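An overview of the molecular structure
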Amino acid sequence: MLTQLNMIPLSEAKIGQRVQVQSMNADDPVYQRLLAFGLTPGVEARIAHVAPLGDPIAISFCSQKVMIRRADAARVMVEEIN
């Protein structure tokens, strides 16, 4: 069973780490943009790259790679996949 303790913000995941999106705590414009990318609860993603200064973050999911701001990634709660 999934608990809050198992979830971390996407922004805290490490490069190469595989995660599954559990929930999004984003305001409407950010949520709509992430939905348009296909980043929805249940989707498996991987942290592909982090820019040298830590922002933005590249995530791979659904056969695509998308860059999102660290602030937006902080609103996406994920669970690590082993």
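Note: the structure precedes this text.
**Comments concerning the environment of asparagine 82**
Note on placement: asparagine 82 falls in the segment after β6 (76-80). Here asparagine 82 falls in the exposed class, since its relative accessible area comes to 85%. As for asparagine 82 and glutamine 17, which are separated by 65 residues in sequence, their C-alpha atoms are 8.9 Å apart.

**Regarding the pattern of salt bridges**
A complete count under the given rule lists 4 salt bridges for this structure. For glutamate 44, the salt bridge identified is with arginine 18, shortest N-O distance 3.2 Å. With glutamate 44 in strand β3 (residues 44-50) and arginine 18 in strand β2 (residues 18-24), the pair connects residues that are 26 residues apart, well separated along the chain. Using a relative accessible area of 44% as the deciding quantity, one classes glutamate 44 as partly exposed. Taking the relative accessible area as the measure of exposure, arginine 18 reaches 39% and is therefore partly exposed. Of the charged contacts in the structure, one is a salt bridge between arginine 75 and aspartate 72, with a shortest N-O distance of 4.0 Å. Taking the relative accessible area as the measure of exposure, aspartate 72 reaches 1% and is therefore buried. Residues joined by salt bridges that share partners form a network here, namely Arg33, Arg69, Asp72 and Arg75.

Criteria and thresholds
- Residues numbered from 1 in each chain as written.
- Predicted model: local features only at pLDDT ≥ 70, side-chain atom pairs only at ≥ 80, totals over all residues.
- Heavy atoms only, no water.
- Helix = DSSP H or I, 4+ residues; strand = E, 2+ residues; numbered from the N terminus.
- Buried < 20%, exposed > 50% of the residue type's maximum accessible area, 1.4 Å probe, protein only.
- Salt bridge = Lys/Arg side-chain N within 4 Å of Asp/Glu carboxyl O.

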